Amino acid sequence: MILKTMRTIRDFETFNKTVKDKKCIIVGPADYLSTSNHGSFIDKYDVIIRLNNSYPLCDFHNLGSRTDILFHTGGIFTDVKTLNNDGIRWYVSKRKAEAPNVTKLIKEIEQDGTGQIKVLPIELKFLENLRIQLNKTEPNMSTIAIDYLLKTDLKVLYVCGCDFYGTGYNKAYTITPGWVWDDSQNKLVREKSMTFTMPKNGHFKDIQLSYLKKLQQKDNRLYFDDVLAKLIKEAK
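First, a word on scope: everything that follows refers to the structure included in this document. Everything numeric here is computed off the predicted structure, so don't read it as measured data.

Procedures and definitions
- Residues numbered from 1 in each chain as written.
- Predicted model: local features only at pLDDT ≥ 70, side-chain atom pairs only at ≥ 80, totals over all residues.
- Heavy atoms only, no water.
- Pairing = 2+ DSSP bridges.
- Helix = DSSP H or I, 4+ residues; strand = E, 2+ residues; numbered from the N terminus.
- Axes fitted to C-alpha atoms, helices over the stretch in contact; angles between N-to-C directions.
- Phe/Tyr/Trp six-rings, centres within 6.5 Å; stacked < 30°, edge-to-face > 60°.
- Buried < 20%, exposed > 50% of the residue type's maximum accessible area, 1.4 Å probe, protein only.
- Contact = heavy atoms within 4.5 Å.
- Expected span 1.5 Å × (residues − 1).

Topic: the sheet that holds strand β5 (residues 118–121)
Taken together, the seven strands give an open sheet; going across it, the order is β5-β4-β3-β2-β1-β6-β9, and neighbouring strands pair in parallel fashion. Strands with a single pairing partner mark the edges of an open sheet, and in this sheet they are β5 and β9 (222–224). Neighbouring strand axes in the sheet, compared pairwise and without regard to direction, differ in orientation by 20 degrees on average. Pairing of strand β1 (residues 23–27) with strand β6 (residues 156–160), which is carried by five bridges, proceeds in the parallel orientation.

So, in structure tokens, the structure goes:
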């Protein structure tokens, strides 16, 4: 079991080999992608990265048909079978390997035995440094993924579907078990007709947009779609 765990949990250097010299795209969960017709555009990238609960894949026409890397908070248990079906090769966790849900996921990966998914807990030092850059506030997963991926030797990083909750979530995004898509309301709702509310968070949009603007100015590998580019242009 120890040897299996060592094969499941990998380090940054191994992760870097997956994206080195590759054209990568982050596909966020924003609802504006639901009418984007971006599926074929997204699928042309070498590596497709999604965030948090952007699974199981659906709406290939607008959102693309595969996921190579999933950046996740690690705060909600993730079904291994679903991740395997989506073709995910890397589960990059904001939480450490010892966190209950991450530990449970690792055990399921080991029991699965396919060796398809590798787990990479993000280094605590990286997260601490990022929070300092954001005036000691908490980053969204999109900001974490962008900053982390720019530490690698990737060739291009394009970001779409990230508007900091501006348009809500698309159909492919499941908040937690018990949330379903309601066509009549055109939004995610809790089962048993409970009222949908956006998640409470301690994220500060303007601080993160300003930081992303600085990142793009320093790194010419980073590109944003029109929606995020407009938000960043307007950032202070």
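Focus on the packing of aromatic side chains
Summed over the entire model, instances satisfying the criterion amount to nine aromatic pairs. Geometrically, the ring pair formed by Y45 and Y158 is stacked, given 6.1 Å between the ring centres and 25 degrees between the ring planes. Of the two residues, Y45 sits in the loop between α3 (39–43) and β2 (47–51) while Y158 sits in strand β6, which places them 113 residues apart along the sequence. For the pair shown, Y45 and Y158 are each scored as buried. Relative to Y148, the ring of F126 lies with its centre 5.0 Å away and its plane at 80 degrees, an arrangement referred to as edge-to-face. A residue pair is termed long-range when its members are at least 10 positions apart, and F126 in helix α7 (residues 124–133) and Y148 in helix α8 (residues 141–149) qualify at 22 residues. Judged by relative accessible area, Y148 falls into the buried class, the value being 1%.

Concerning the pairing of β2
Most of β2 is tucked away: five of the five residues are buried. On β2, burial covers both faces: V47, I49 and L51 on one face and I48 and R50 on the other are all buried. By the bridge criterion, four bridges tie β1 to β2 in an arrangement that is parallel. Counterpart to C24 in the pairing with β2 is V47. Relative to strand β3 (residues 69–72), β2 runs parallel, the two sharing three bridges. For R50, the partnering residue across the bridge sits in β3 and is L70.

Quick look at the environment of L105
With respect to the helices, strands and loops of the structure, L105 is situated in helix α6 (residues 100–112). Through-space distance from the C-alpha of L105 to that of V119 is 9.0 Å; in sequence the pair is 14 residues apart. Apart from the residues within four sequence positions on either side, L105 is in contact with F77, T78, V80, L83 and Y91.

Observations concerning helix α9 (residues 205–218)
Its 14 residues give α9 an end-to-end C-alpha distance of 20 Å, which sits within 8% of 20 Å, the value for a rise of 1.5 Å per residue. Residues of α9 that are buried make contact with α7, α8, β9 and α10 (226–234).

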